[in-house]
Amino acid sequence: MTARQRAILMTIVERYIATGEPVGSGTIAAGFGAANVSPATVRNEMVALAEVGLLEQPHTSAGRIPTARAFKMFVDGIGAERLSLVSRNEIDARFADVAGTQAVLERTSHVLATLSSGVGVAIAAMPGGDQLEHVHFSRLATARVLAVVVTRGGMVRDRVLALDRDLSLGELETAANFLNENFRGWEIERVRAELRARVERERSEYTRMMDSVEQLWAKTLPESAGVQTVWVEGVANLVGAHPMGGADDRERLREMLGALEAKQRLVELLNAYVDARQESVRVVFDLEEQAPEMAGLVLIAARARLGGETLGTVGVIGPKRMQYERTMSAVGYIAQVLERQRAGVSGKG
């Protein structure tokens, strides 16, 4: 690609982002000013760019619009600029009254949706890799127990349990002591498997006690607790960005919104595109390869980490016509906000 072709292509992308309308050769030629490039010359260059898959023409008499490849080249060229002090202060202020990873991630989806006019997404990391620090059981009523589990990652889980039989205060204390003495530092999912194995092995005076421990743990952290938590906000922002024409357009929009509301589908999508080892903000234009119903949308996402541990993923799903610099910078900065917040929790521990 020549320097002139690149300049023409970048100008078309910028104009299309600003107006949402196909860009004509006359508009581009006027923008060259003193360079004195004629509309005919620009038109020939646009034909060449279309032939290599960087521009497309929606109607015979209309101008050209950029393809996904063109948007990718545009993003690769601009990178993620540093947010202004005003923008960073604005983001910090929105997180000032929240504490804990779950609360920060929930707020993140709202902040990103507001900043980008797209769909803000935040996904918590799988909890199975976290390690047990302490567990406590309190008797509330007959066969009802309050269980509190604290992990080494700073997560606190409390749950009211409905048991198959009543347990005395002594049995609850014995169960908690057993778990704390034998499994402190173990990964959460390993505790469940080991308890089941020991119940099978132990057929002595400890059997009743082990049954109680296994039942308490299974109800405190059921297997469904391993499902990743997802927060999504701003789905309505996409309705205005996708004007509905005929029945086909309405059906496509319905499928797109349905995919965004299916939170497990979003988990699969982000896991497919955002590598756990990735250090920078990722921009993906070909979402339809993993989710055909999301054709035409762009994903901007980043992992949040602390000391090599992945805390979660934050991102924006929006139309190709978005403010890339601001959105990429916001996603990267909010990932750092999450890391700083989690580091503060760990430091207090």
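Use the structure listed above.
Bear in mind that the values here come from a model prediction, so they are computed numbers and not experimental data.

So, how was this worked out
Residues numbered from 1 in each chain as written. Predicted model: local features only at pLDDT ≥ 70, side-chain atom pairs only at ≥ 80, totals over all residues. Heavy atoms only, no water. Axes fitted to C-alpha atoms, helices over the stretch in contact; angles between N-to-C directions. Helix = DSSP H or I, 4+ residues; strand = E, 2+ residues; numbered from the N terminus. Left-handed = near helix turned anticlockwise from the far one by under 90°. Contact = heavy atoms within 4.5 Å. Nonpolar A, V, L, I, M, F, W, Y, C, P; charged D, E, K, R; others polar. Core = buried A, V, L, I, M, F, W, Y, C linked by side-chain atoms within 4.5 Å. Buried < 20%, exposed > 50% of the residue type's maximum accessible area, 1.4 Å probe, protein only. Phe/Tyr/Trp six-rings, centres within 6.5 Å; stacked < 30°, edge-to-face > 60°. Pairing = 2+ DSSP bridges. Polar contact = N/O pair within 3.5 Å; in protein donor to acceptor, adjacent residues only side chain to side chain. Expected span 1.5 Å × (residues − 1).

Participant: Help me understand the packing of helix 2 (residues 25–32) against helix 3 (residues 39–51) in this model?
Facilitator: Relative to each other, helix 2 and helix 3 sit at 115°, their axes nearing to 8 Å. As helix 2 runs across helix 3, the sense of the crossing is right-handed. In contact with Ser-25, Gly-26, Ile-28 and Ala-29 of helix 2, helix 3 contributes Pro-39, Val-42, Arg-43 and Met-46. Looking at the contact of helix 2 with helix 3 residue by residue, the class counts come to 5 nonpolar, 2 polar and 1 charged.

Participant: Honestly, the nonpolar core in this entry has me stumped. Any pointers?
Facilitator: Generally speaking, soluble globular proteins have nonpolar side chains that are buried together. By size, the foremost hydrophobic cluster in this structure holds 52 residues, and its most contacted members are Ile-91, Phe-95, Ile-300 and Tyr-324. It is helix 13 (residues 324–348) that contributes the most residues to this core, 9 residues altogether. For Ile-91, the contacting residues outside a window of four places in its chain are Leu-83, Leu-115, Tyr-333, Ile-334 and Val-337.

Participant: Sorry if this is basic, but what is going on with the packing of aromatic side chains here?
Facilitator: Each aromatic ring pair is specified by the distance between its two centres and by the angle formed by the two planes. Under the counting rule described, the total for this entry stands at 7 aromatic pairs. Seen in terms of ring centroids, Phe-71 and Phe-285 are 6.1 Å apart; in terms of plane orientation they differ by 25°. Their pairing is stacked. Taken together, the residues span a long stretch of sequence, with Phe-71 in helix 4 (residues 68–78) and Phe-285 in the loop between strand 8 (282–284) and strand 9 (297–306) at a distance of 214 residues. Judged by centre distance (4.9 Å) and plane angle (90°), the rings of Phe-183 and Trp-186 are edge-to-face.

Participant: How should I be thinking about the pairing of strand 5 (residues 144–151) in this particular structure?
Facilitator: Consecutive side chains along a regular strand alternate between the two faces of the sheet. Side-chain alternation along strand 5 places Val-145, Ala-147, Val-149 and Thr-151 on a buried face and Arg-144, Leu-146, Val-148 and Val-150 on a face that remains uncovered. The pairing of strand 4 (residues 132–141) with strand 5 spans 8 bridges and is antiparallel. In the sheet register, Ser-138 faces strand 5, and the bridge partner there is Leu-146. The loop that links strand 4 with its antiparallel partner strand 5 comprises 2 residues; one of these, Ala-143, has a positive phi angle of about 60°. Across 7 bridges, strand 5 lies against strand 6 (residues 156–162) in antiparallel orientation. Considered in strand 6, the bridge of Val-148 is made with Asp-158. Between strand 5 and strand 6, which pair antiparallel in sequence order, lie 4 residues; one of them, Gly-154, sits at a positive phi of approximately 95°.

Participant: How do you make sense of the side chain of Thr-108 when you look at a structure like this?
Facilitator: Here Thr-108 is to be found in helix 6 (residues 101–116). Within the structure, Thr-108 has its side chain in polar contact with the backbone oxygen of Val-104 (distance 2.8 Å). Setting aside residues no more than four positions away along its own chain, Thr-108 makes contact with Phe-95, Ala-122, Val-314 and Ile-334.

Participant: Just checking my understanding: could you explain the sheet that holds strand 6 for this structure?
Facilitator: In a beta sheet, neighbouring strands pair by backbone hydrogen bonds and run either parallel or antiparallel. Spatial strand order, 4-5-6: 3 strands in an open sheet with antiparallel pairing. The outermost strands of the open sheet, each flanked by one partner alone, are strand 4 and strand 6. Taken over all neighbouring pairs, the strand axes of this sheet differ in orientation by 15° on average, direction set aside. Packed onto the sheet, helix 7 (residues 169–183) meets strand 4 and strand 5 and runs at close to 170° relative to strand 4.

Participant: Sorry if this is basic, but what is going on with helix 1 (residues 3–19) here?
Facilitator: Since there are 3.6 residues in each turn of an α-helix, residues three or four apart along the chain are aligned in direction. Taking 1.5 Å of rise per residue, 17 residues should cover 24 Å, and helix 1 covers 24 Å from first to last C-alpha, within 8% of that figure. Residues of helix 1 that are buried: Gln-5, Ile-8, Leu-9, Met-10, Ile-12, Val-13, Tyr-16 and Ile-17. One or two positions beyond helix 1, positive phi appears at Gly-20, with a value near 75°.

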